[in-house]
Amino acid sequence: MIGLISATAAGAAARDRMAAAWPDRTRVYDGPVGEAVRAAFAECEQLVCFLATGATVRLLAPLLGDKAADPGVVCVDEGGRFAVSLVGGHGGGANELAREVGALLGAEPVVTTATDAVGLPGLDTLGFPFEGSVATVSRALLDGEPVALEAEVPWPLPPLPTAQQGPYTVRLTDRAVEPGEREVLLRPPSLVVGVGASKGAPVAEVLGLVEDALREAGLSPRSVAELATVDAKSEEPGIVAAAERLGVPLVTYPAEELAAVRVPNPSDAPLAAVGTPSVAEAAALVRGGELLVPKLKSAAQPAMATCAVVRRPGRGRLAVVGLGPGARDLLTPRATAELRRASVLVGLDQYVDQIRDLLRPGTRVLESGLGAEEERARTAVAEARKGHAVALIGSGDAGVYAMASPALAEASDDIDVVGVPGVTAALAAGAILGAPLGHDHVSISLSDLHTPWEVIERRVRAAAEADIVVTFYNPRSRGRDWQLPEALAILAGHREPTTPVGVVRNASRPDESSRLTTLAALDPATVDMMTVVTVGNTATRDIAGRMVTPRGYRWQESTKEGAQ
């Protein structure tokens, strides 16, 4: 919950805007400001104070204790100009809250945390449990000191400017080791503990067995991602409570699925009880991995619990990101977040140049020129299979005549794939022209490099006969200059010469140009590969210099009747 505190009418107005926008996330604290701050500090995970920073600091000072446990505090000035992350930037989430508050109120977020200020991800914000000297190692990263990354477990990480060797270390490990003086341990969620239990098994017996198994194997309980068992035990109190105390989810599988898993220690007892010869080992191994701890029984007599521990390999992550038509303000926030999350970026060199300034220090960039789409796709998938967090970029929407298709053709289910949509060239051009896509429409690429012309021609004829608005991608190049006239001739057989046609070149870029012409007047020689051509249907009109396709023909008919 976010506590909201204000002292003046101006502050209360901004406070109420936030409360109305986030009714389930916020609670307003009225009354004397000092009492309100003390109450919110004790009861809420975060605070937004619509007060001067000096006053807020004085009110907070006697309340501050441990930065890992204190609420995050954001301070907004009376004029609503700035949202200042004041306390708990990382641990309390105040840095991100400042950005959210700024976006909501139109205020400038002010984040002074050193790593955030220079674009480095905070070691305590990577989403992993951590141990060790975060401040010391973070300072070394900021000062450009060599910091070694030792990944004992391959796992996707955001970019970190690390070296092969150095006096400081970031170690990614699930082993139960103590951090050195100049070391940070990151605990990946790499361990799966399979558990089985007889009916009524005490939670102490289940939990004690799991803890003993991890300790004897030298594994950290902070790297346990989940407890796994058979569906029949999904409500077994001892197992459910053990997962709750470990702070991990309980995942269950059907008996028939577990029965198909090959295990080293099958048994007739679980087969008779729940329909699978193995519960603990099979539940841990069902999604693959390395069996670190074979089935163990609890020490009680009779033993009522079993467990096994598996290390699952880190799954690489491939984000296929659409950059939009080129303008920075048409790049989505989600795309920006994925670019900053990726440790490896793969893309066409000219697209990389568009967003290079958004990349975090340490991002490895693999760029290539025109005509290497399949190779870029193979490279991106290969890097993800190595366990990296990869972003593969394309213009517009990556799924429209771009990189998503070749990438997904290469990828299998051994990596995670995320699609990030972008504003397409057709949409950007449509917004410039007016509303040409107001009814049914289709996009057709006239490039026959990958598609035979006979197929393209058949699609153009179908669109012409169906009276659908058509946007032509890749309409004309130096070596391919006859396809556009052919396509226009096909459409002309079904549409009037006065049919509006919109021509947009470099939509949303500094050298953007556009014009509205007609099917008869369009000169194909004025079109190139940086252009999209939108041909209207029989309902499309030029209205005040804008290309408009009505949402329905009834609207068009009523308009005509009203004009008579």
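Coordinates for the structure precede this section.
About the cut-offs
- Residues numbered from 1 in each chain as written.
- Predicted model: local features only at pLDDT ≥ 70, side-chain atom pairs only at ≥ 80, totals over all residues.
- Heavy atoms only, no water.
- Helix = DSSP H or I, 4+ residues; strand = E, 2+ residues; numbered from the N terminus.
- Buried < 20%, exposed > 50% of the residue type's maximum accessible area, 1.4 Å probe, protein only.
- Core = buried A, V, L, I, M, F, W, Y, C linked by side-chain atoms within 4.5 Å.
- Contact = heavy atoms within 4.5 Å.
- Lys, Arg positive; Asp, Glu negative; His and termini not counted.
- Salt bridge = Lys/Arg side-chain N within 4 Å of Asp/Glu carboxyl O.
- Polar contact = N/O pair within 3.5 Å; in protein donor to acceptor, adjacent residues only side chain to side chain.
- Pairing = 2+ DSSP bridges.
- Axes fitted to C-alpha atoms, helices over the stretch in contact; angles between N-to-C directions.
- Disulfide = S-S within 2.5 Å.
- Right-handed = clockwise from strand over helix to strand, strands pointing away.
- Parallel < 35°, antiparallel > 145°, perpendicular 65-115°, else oblique.
- Nonpolar A, V, L, I, M, F, W, Y, C, P; charged D, E, K, R; others polar.
- Phe/Tyr/Trp six-rings, centres within 6.5 Å; stacked < 30°, edge-to-face > 60°.
- Lys NZ or Arg CZ within 6 Å of the ring centre and 35° of its normal.

A few words now on the environment of G127. Topologically, G127 is positioned in the loop between helix 5 (114-117) and strand 7 (130-132). The exposure class of G127 is exposed, given its relative accessible area of 70%. Considering only alpha carbons, one finds G127 and P189, 62 residues apart in sequence, at a separation of 9.8 Å.

This paragraph deals with the nonpolar core. Ranked by internal contacts, the top residues of the largest apolar core, which has 24 residues, are V193, L214, C307 and V309. Contributing elements (two or more residues each) for this core: strand 11 (191-197), helix 7 (203-216), strand 12 (224-230), helix 8 (237-246) and strand 15 (305-311). For V193, the residues in contact, after removing those within four places along its chain, are V210, V224, E226, L227, A228, C307, A308 and V309. Core analysis: the next-biggest nonpolar cluster, separate from the first, contains 21 residues, W453, A463, V503 and V535 among them.

This next bit is on the side chain of E205. Locating E205 in the fold gives a position in helix 7. The buried charged residue E205 lacks any salt bridge, with K297 as its nearest oppositely charged partner at 11 Å. Side chain to side chain, E205 and S298 meet in a polar contact 2.5 Å long. With residues near it in sequence (within four places) discarded, E205 still touches S298, A300, P302, A303, M304 and A305.

Here we take up the sheet that holds strand 12. Reading across from one edge, 13-12-11-15-14 is the order of the 5 strands in this open sheet, with mixed pairing throughout. Every other strand in the sheet has two partners, leaving strand 13 (250-253) and strand 14 (290-297) as the edge strands with one partner each. Neighbour-to-neighbour, the strand axes of this sheet turn through a mean angle of 25°, independent of strand direction. Note that strand 11 and strand 12 share 4 bridges and pair parallel. Each residue of the ladder has a partner; that of G194, found in strand 12, is A228. Helix 7 contacts strand 11, strand 12, strand 14 and strand 15 of the sheet and is inclined by roughly 35° relative to strand 15. Seen against the sheet, helix 8 touches strand 11, strand 12 and strand 13 and runs at an angle of roughly 175° to strand 12.

Attention now moves to the pattern of salt bridges. All chains considered together, the criterion is met by 30 salt bridges. Ionic contacts of the salt-bridge type, sharing partners, join the residues E152, R171, R175 and E183 into one network.

Bringing the state of the cysteines into the picture now. In the structure shown here, the tally under the stated rule is 0 disulfides. No disulfide involves C44; its sulfur sits 10 Å from that of C49, the nearest cysteine.

Let us look at the sheet that holds strand 19 (residues 389-394). Pairing in this open sheet of 5 strands is parallel, and the strands run 18-17-19-16-20 from one edge to the other. Of all strands in the sheet, those with a lone pairing partner are strand 18 (364-368) and strand 20 (416-420), marking the two edges. Between one strand axis and the next, the sheet turns by 15° as a mean value, whatever way the strands run.

Every regular strand shows the same layout, with side chains that alternate between the two sheet faces. Among the 5 residues in strand 23 (residues 469-473), 5 count as buried, and that is most of the element. Burial of strand 23 is two-sided: the residues V469, T471 and Y473 facing one way and the residues V470 and F472 facing the other way are all buried. Where the polypeptide runs from strand 22 (residues 441-445) across helix 17 (residues 453-465) and back to strand 23, its parallel neighbour, the crossover connection is right-handed. Note that strand 23 and strand 26 (residues 531-535) share 3 bridges and pair antiparallel. Paired with T471 across the bridge in strand 26 is T534.

Along the polypeptide, P188 turns up in the loop between strand 10 (183-186) and strand 11. The spatial distance from the C-alpha of P188 to the C-alpha of A61 is 35 Å, given a sequence separation of 127 residues. Apart from residues lying up to four places away in sequence, P188 is in contact with F128, V153, W155, L172, T173, D174 and S223.

As a packed pair, helix 1 (residues 9-21) and helix 4 (residues 94-105) sit with axes 11 Å apart at the nearest point and diverge in direction by 100°. Relative to helix 4, helix 1 is oriented roughly perpendicular. Taken together, the residues of helix 4 that come into contact with helix 1 (itself represented by A14, R17, M18 and A21) are V101, L104 and L105. For the contact of helix 1 with helix 4, a count of residues per class yields 6 nonpolar, no polar and 1 charged.

In the segment running from Q301 into P302, the intervening peptide bond is cis, with an omega of -5°. Secondary-structure assignment places P302 in the loop between strand 14 and strand 15. Positioned with a positive phi, N506 is a non-glycine residue whose angle comes to about 50°. Looking at where N506 falls in the secondary structure, it is placed in the loop between strand 24 (500-505) and strand 25 (513-518). According to the relative accessible area criterion, N506 is buried, its value standing at 7%.

On to the packing of aromatic side chains, then. All told, the structure shown has 2 aromatic pairs when counted by the stated rule. With centroids separated by 4.8 Å and ring planes inclined at 55°, the aromatic side chains of Y401 and Y473 adopt a geometry described as tilted. Taken as a pair, Y401 in the loop between strand 19 and helix 15 (404-410) and Y473 in strand 23 lie far apart in primary sequence, 72 residues in all. Assessed through its relative accessible area of 11%, Y473 is described here as buried. Measuring from centroid to centroid gives 5.1 Å for W453 and W482, while their planes differ by 70°, and the two rings are edge-to-face. You can see W453 sitting in helix 17 and its partner W482 sitting in the loop between strand 23 and helix 18 (483-492), a full 29 residues away along the chain. On the basis of relative accessibility, which here comes to 11%, the residue W453 falls in the buried class. Look at W482 and you get partly exposed, because its relative accessible area is 39%. Between the NZ or CZ atom of R25 and the centre of the ring of W22, over which it lies, the distance is 4.3 Å.

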